[in-house]
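What follows is the residue order along each chain.
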Amino acid sequence: MPDILGIRGYDYVEFYVGSAKMVAYWYAKSLGMNITGFSGPETGVRDRISYYLTKNNLKIVITSAVQPSTYDIFGFVNRHGDGVKRWAIEVDDVEKTFNYATQNGAVMVQRPHKLEDKHGYVMEAAIRLYDDTELVYVNRDNFNHIFRPGYCEPRQELNLEFEETGIIGIDHIVGNVRENEMNLWAGYFNKTMNFDTFIDFKAGDIGTKYSALLSKVVRSKDSVIKNPINEPYVAEKKSQIEEYIEQYYGSGVQHIAIQTEDIVKTIAALRKNGVEFLTVPDTYYDMLRERADLNIDENIDDLQKHKILCDKESTGYLLQLFTKPIGDRPTFFFEFIQRKGAEGFGKGNFQALFESIELDQKLRGNLDKTPEELLPPC
Ligand code: FE2
């Protein structure tokens, strides 16, 4: 179904971090992204430093504060640690999309405004998401330079050696919210962005006997934007979503899934570049080999070698793998995904995935609900 709001797809994601230079280096070296632009005191921006990284359709901005008074960044990082401050959707008409959103209950953050320099102008507006995140509408049809006004060529040339990762763009972005907030935020997307609820994982659908969650996936009418929203569900031990909410000090973006057209190559390259992934037991691949209905192009030995997960649906299958949290706190992580006809999110892998996450949660002392159950430190 065509989208009446003129949504074109994902645009950029901006992270607020402690040190933009160091984090940008990680994205360049580990994910094989190009540092395409820079904004900071040298470009006339006094209070913050931003690096703009790109790879095919993937656009990531890494920003940190350079003055104590830059409270929006210091406040965010102090509370949440490094994390996603805003993600952007490219639209035909920023004003029209923003007006639709706010007339249908969206909380305004920034009204439509023009960012302008000699290279043209970019239109942006933003609404609030979750506790401290923003959804930005952007249009840069009339801008002919790097990212947006205030950005220049990077200051120094990095001669990094890394394996080519072949990452393409964003497949979906996932939010974690508190118990009883999932329906509120799913409704918010549906009302303000004219989205629909696409999948509804109910009690018992996702979880082990120890930890569980509920999840709803909302998406734009033509499916270019897919946004799962998770909330914790009662179980014997602490859900990974509860751990996120505790460690992030609130609701926010949990993970971004990045598309690839050759996941075996991508994961092999990412591992060589130093990216850490969740562990997958060899028994998972024994089960995969026993599935008579599994008719896939890839060799299961290759999937096992790189510990890639596979899930079959009625329309096709998907291959995916999840990194460990990329920062100091067990909060934000990346997923890499290759879709071969499947439109879901790997429901058949949730069991293996959860067991792997629980193992790490236990090591962090965040799985058990009582201190007596905690593991000794070494
Ligand atoms: Fe995902």
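Residues numbered from 1 in each chain as written. Predicted model: local features only at pLDDT ≥ 70, side-chain atom pairs only at ≥ 80, totals over all residues. Heavy atoms only, no water.

K.L.:
Any chance you could explain the environment of Glu355 here in plain terms?
P.N.:
Within the element layout of this structure, Glu355 appears in helix H9 (residues 350–363). Judged by its relative accessible area of 41%, Glu355 is partly exposed. Sequence separation of Glu355 and Ile337 is 18 residues, and the distance between their C-alpha atoms is 20 Å. (Helix = DSSP H or I, 4+ residues; strand = E, 2+ residues; numbered from the N terminus. Buried < 20%, exposed > 50% of the residue type's maximum accessible area, 1.4 Å probe, protein only.)

K.L.:
Would you mind going over helix H1 (residues 20–30) with me for this structure?
P.N.:
Within H1, burial applies to Ala20, Val23, Ala24, Tyr27, Ala28 and Ser30. Summarising the contacts, the buried residues of H1 are in contact with strand S1 (7–16), strand S2 (34–39), strand S3 (48–55), strand S4 (58–65), helix H6 (263–272) and strand S16 (333–340). Following H1 by one or two positions, Gly32 has its phi on the positive side, about 70 degrees. (Contact = heavy atoms within 4.5 Å.)

K.L.:
Just to check I follow, could you spell out the domain arrangement of the chain for this structure?
P.N.:
Quite often, the size of an interface is put as the accessible area lost when its parts meet. For the chain, the domain assignment lists domain 1 (7–139) and domain 2 (167–363). On the domain 2 side, the residues contacting the 42 residues of domain 1 number 41 residues. The contact between domain 1 and domain 2 buries some 3400 Å² in all, and 65% of this surface belongs to carbon and sulfur atoms. For Asp131, the salt bridge goes to Arg178, with nearest N and O atoms at 2.6 Å. At the surface where domain 1 touches domain 2, the tally comes to 15 residue pairs in polar contact (both at pLDDT 80 or more). Contributions of two or more residues to the side of domain 1 that touches domain 2 are made by S1, H1, S4, helix H2 (71–80), strand S5 (83–91), helix H3 (94–103), strand S7 (120–129) and strand S8 (133–139). For the side of domain 1 that touches domain 2, the element with the highest residue contribution is S1, accounting for 7 residues. Looking at side-chain class alone, the side of domain 1 that touches domain 2 contains 24 nonpolar, 10 polar and 8 charged residues. (Domains from an automatic or database assignment. Buried area = accessible area lost by both parts, 1.4 Å probe. Salt bridge = Lys/Arg side-chain N within 4 Å of Asp/Glu carboxyl O. Polar contact = N/O pair within 3.5 Å; in protein donor to acceptor, adjacent residues only side chain to side chain. Nonpolar A, V, L, I, M, F, W, Y, C, P; charged D, E, K, R; others polar.)

K.L.:
I keep staring at the packing of aromatic side chains and nothing clicks. Help me out?
P.N.:
Centre distance and the angle of the planes are the two values used to describe a pair of aromatic rings. One pass over the structure, following the stated rule, counts 24 aromatic pairs. Geometrically, the ring pair formed by Tyr244 and Tyr248 is stacked, given 4.9 Å between the ring centres and 20 degrees between the ring planes. Of the two residues, Tyr244 and Tyr248 both sit in helix H5 (residues 240–248), 4 residues apart, roughly one turn of that helix. Of the residues examined, Tyr244 reaches a relative accessible area of 1% and is grouped as buried. Among the residues examined, Tyr248 registers a relative accessible area of 1% and is labelled buried. In textbook terms, an aromatic cluster arises when at least three aromatic residues are bridged by ring pairs, as seen for Phe15, Trp26, Tyr27, Phe277, Phe332, Phe334 and Phe336. The ring centre of Phe198 lies 3.7 Å from the NZ or CZ of Arg219, which sits over that ring. In this structure, Arg339 packs its charged tip against the face of Phe345, placed 5.4 Å from the ring centre. (Phe/Tyr/Trp six-rings, centres within 6.5 Å; stacked < 30°, edge-to-face > 60°. Lys NZ or Arg CZ within 6 Å of the ring centre and 35° of its normal.)

K.L.:
So what exactly am I meant to see when it comes to the coordination of the iron ion here?
P.N.:
Coordination angles at a metal have ideal targets, namely 109.5 degrees for four tetrahedral donors and 90 or 180 degrees for six octahedral donors. For the iron ion, the full set of protein donor atoms is His172 (NE2), His255 (NE2) and Glu335 (OE), at a range of 2.0 to 2.2 Å. Read in sequence order, the donor residues coordinating the iron ion give the pattern H-x82-H-x79-E. Of this pair, His255 sits in strand S13 (residues 252–260) while Glu335 sits in strand S16, and the two are 80 residues apart along the sequence. The pair His255 / Glu335 is uniform in exposure class, with both members buried. (Donors = N, O, S within 2.8 Å, 3.2 Å for Na, K, Ca; no water.)

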